Amino acid sequence: MIEIIDLSQEIYEGMPVFKDLPQVKMEIHNSHEEWNGERNPKTRTPAVHKLDRSHLCRCNFK
């Protein structure tokens, strides 16, 4: 019998990470209101999040 194992996990700022990995930093890149052309909306519904990876040292990656 085949067993399906769900390995997905929600990504959020401040989530626990492996000791050698940097902390997760997120911000709203674009909202549904911006895509709809609304100006000065009362709420911002996230459409796309930006994961900040600028703090990673590229010298460790090959």
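To start, this report covers the structure provided alongside it. Keep in mind the model is a prediction, meaning the values are calculated, not measured.

Things to note about the environment of Ile28
As for its placement among the helices and strands, Ile28 is situated in strand E1 (residues 26-31). Residue classification places Ile28 among the partly exposed residues on the basis of a relative accessible area of 27%. Taking the C-alpha atoms as reference, Ile28 lies 6.1 Å from Lys50; in sequence the two are 22 residues apart. For Ile28, the residues in contact, after removing those within four places along its chain, are Arg44, Pro46, Val48 and His49.

Notes on the environment of Lys25
Relative to the helices and strands, Lys25 resides in the segment before E1. What makes Lys25 partly exposed here is its relative accessible area of 39%. Spatially, the C-alpha atom of Lys25 lies 5.2 Å from that of Glu13, the residues being twelve residues apart in sequence.

Concerning the pattern of salt bridges
Under the criterion given, the structure shown has one salt bridge. Among the salt bridges present, the one from Arg44 reaches Glu34, with a minimum N-O distance of 3.7 Å. With Arg44 in the loop between helix H1 (32-35) and strand E2 (46-51) and Glu34 in helix H1, this pair connects stretches of sequence that are ten residues apart. Look at Arg44 and you get partly exposed, because its relative accessible area is 44%.

Quick look at the side chain of Ser31
Here Ser31 shows up in strand E1. Given a relative accessible area of 0%, Ser31 falls into the buried group. Among residues more than four places away in sequence, those in contact with Ser31 are Arg44, Thr45, Pro46 and Ala47.

Analysis parameters
Residues numbered from 1 in each chain as written. Predicted model: local features only at pLDDT ≥ 70, side-chain atom pairs only at ≥ 80, totals over all residues. Heavy atoms only, no water. Helix = DSSP H or I, 4+ residues; strand = E, 2+ residues; numbered from the N terminus. Buried < 20%, exposed > 50% of the residue type's maximum accessible area, 1.4 Å probe, protein only. Contact = heavy atoms within 4.5 Å. Salt bridge = Lys/Arg side-chain N within 4 Å of Asp/Glu carboxyl O.

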